[in-house]
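Summary of the model geometry
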Number of protein chains: 2
Amino acid sequence: MVIHYFCRMIDVVVIGFGNVGFHLCKGLIATESVNLTQIFSRNSGNSAFGDISIIKNLNDLAEADLYIIAVTDGNIKEVAEKLPFNNRLVVHASGSTCLEILPKKNRKGVFYPLQTFSRKRNVDWRGVPICVEAQNEDDLRLLENLVKALSGNCYTIDSQQRKILHLAAVFCSNFVNHLYTIGSEICVANDMPFDILKPLIHETANKIIDLSPIEAQTGPAKRFDQKTIDEQLKSIENSSQKLIYELLTKSIQGHEKKL
Amino acid sequence: MVIHYFCRMIDVVVIGFGNVGFHLCKGLIATESVNLTQIFSRNSGNSAFGDISIIKNLNDLAEADLYIIAVTDGNIKEVAEKLPFNNRLVVHASGSTCLEILPKKNRKGVFYPLQTFSRKRNVDWRGVPICVEAQNEDDLRLLENLVKALSGNCYTIDSQQRKILHLAAVFCSNFVNHLYTIGSEICVANDMPFDILKPLIHETANKIIDLSPIEAQTGPAKRFDQKTIDEQLKSIENSSQKLIYELLTKSIQGHEKKL
């Protein structure tokens, strides 16, 4: 049986209403080819999306083409096992969780948006890479069509590649943001506004449109400017910041020596 | 004597033609109120800017309102001492170098653009914070007017604050870019294109327009998701990457515990 999902709306239920679930619902509602039929949320009684039904009991789940589990990684398995139906398409939205964690009673898949989500910040879904995985062609096609509707940027990769990608994302996003935190603390501790660093932060991110990160590298570590490095280390009072400075300087210099 | 710099062109000479000098020249040429009269470059015989005179001998320096020394930090003092004139305004463009390094024979100042410069990447000067310092009001006014013409984003700060700012910039730009390098290496080693991470990298930088970096933090470290952290650590083969992962995870968690 070939199902032409493109010809009709895709009925989707989102299970979980944390940062990812919330923004996923918001994004799906805005698409023309998706019908978000229900949201499952343990805590919230209010969907914040007008007439979309929000449920607190998994037994109240309606029939749909796709169920997206967007709960914390540690709870995916338990939630999937409690689903009161069989042979429907059930996917999770986690980077580091393999497909196999989902129980066999339903058709399995993954729908992992490679983006950082915070409740208070609007997400522009256009262009967001979404990594999909499924066990058969029809299910894969449905997921690809959903990505087409939501962001237009689909990657079909397996669980192992997705885990590696999530690791790279931790370096490029979570750890990067933490360096912003340190920069902000240094500014505030010295009566300077963090705002002064923002044009630099944006240009640092924008540079890699044109250049590889190795080409884009600048600074005292790259220049082996030991005088500046020593002075900067001396001026850091926080021992954790000092360790991070030393380690990243050493790592940059290790790369430069290889070039 | 009050000099109304606004009423006439500011004659500027740029000494040094590395990444900063090159982009500074390019930016100054594009402004309407600045006349870039000469460029001093030890190496290049070609200014790449049409009719701007390029000189190789400091004795050939013409008279100007301002001389900007944009050479590597370690050479600023020597170049400034060799200048064949007195009592003119001479500034350097370095973050980590104090005003006092310049010799007394000329009027001293600093003109430090807080940005990352690579030869191959065009710089949009609009909005780039430029930190200025001078020893008298007239010189400070001239530098402020130059910033107004070039980027419109002027900060008058002293040498101590500028050093601290440069340290914060190393964390938010040089170290951040190195994390991009690591992310790129992880992708490439596993046959995935680095491009897949770019929307995430841009959103991570854009999030801090709306949110403080502490509010913007996401990821396994913030969630104390030890299972994912352990799995990711296990999957990292490079020992330096492993140390960076451990240290930054610990630092993020130290911050979360304080919240």
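Focus: the overall build of chain A
Looking only at helices and strands, chain A has 8 helices and 8 strands in total. Overall, the C-alpha framework of chain A stretches about 70 × 40 × 30 Å when taken along its three principal axes. Here chain A, with 259 residues, has 57% of them falling under the buried criterion. In chain A, 52% of the contacts between residues at least 6 apart in sequence involve partners at least 24 apart. If you sum the accessible surface of chain A, you get close to 11200 Å²; carbon and sulfur atoms cover 49% of it. Across chain A, 29 positive and 29 negative side-chain charges occur, with their mean positions spaced 3 Å apart.

Some words on the relation of the copies chain A and chain B
Superposition record for chain A on chain B: RMSD 0.0 Å, screw rotation 180°, translation along axis 0.0 Å. Each copy turns onto its partner about a two-fold axis. Considering only C-alpha atoms, the part of chain A nearest the rotation axis is Val176(A), at 2.7 Å.

With respect to the sheet that holds strand β1 (residues 10-15) of chain A
Residue and element names in this part refer to chain A. Ordered in space as β3-β2-β1-β4-β5-β6-β7-β8, the 8 strands form an open sheet in which the pairing is mixed. Two strands close off the open sheet at either side, each with one partner strand: β3 (53-55) and β8 (154-156). Strand-to-strand, the axes of this sheet are offset by a mean angle of 25°, without reference to chain direction. In the sheet, strand β7 (residues 130-134) pairs with β8 via 3 bridges, with the strands oriented parallel. Paired with Val132 across the strands is Thr156, a residue of β8. On the sheet, helix α4 (residues 159-189) packs against β5 (89-92), β6 (107-113) and β7 and is oriented at approximately 155° with respect to β7.

Things to note about the confidence of the model for chain A
Any residue range with low pLDDT should be treated as having predicted coordinates unsuitable for detailed reading. Per-residue confidence for chain A averages 94 on the pLDDT scale, and 96% of its residues sit at or above 70. With a pTM of 0.92, the predicted complex shows an ipTM of 0.93.

Conventions and cut-offs
Residues numbered from 1 in each chain as written. Chains lettered and ligands numbered in written order. Predicted model: local features only at pLDDT ≥ 70, side-chain atom pairs only at ≥ 80, totals over all residues. Heavy atoms only, no water. Helix = DSSP H or I, 4+ residues; strand = E, 2+ residues; numbered from the N terminus. Buried < 20%, exposed > 50% of the residue type's maximum accessible area, 1.4 Å probe, protein only. Contact = heavy atoms within 4.5 Å. Areas by Shrake-Rupley, 256 points an atom, 1.4 Å probe, with all protein chains shown as cover. Lys, Arg positive; Asp, Glu negative; His and termini not counted. Charge placed at Lys NZ, Arg CZ, Asp CG, Glu CD. Least-squares fit on C-alpha atoms with pLDDT ≥ 70 in both. Pairing = 2+ DSSP bridges. Axes fitted to C-alpha atoms, helices over the stretch in contact; angles between N-to-C directions. pLDDT = per-residue confidence, 0-100.

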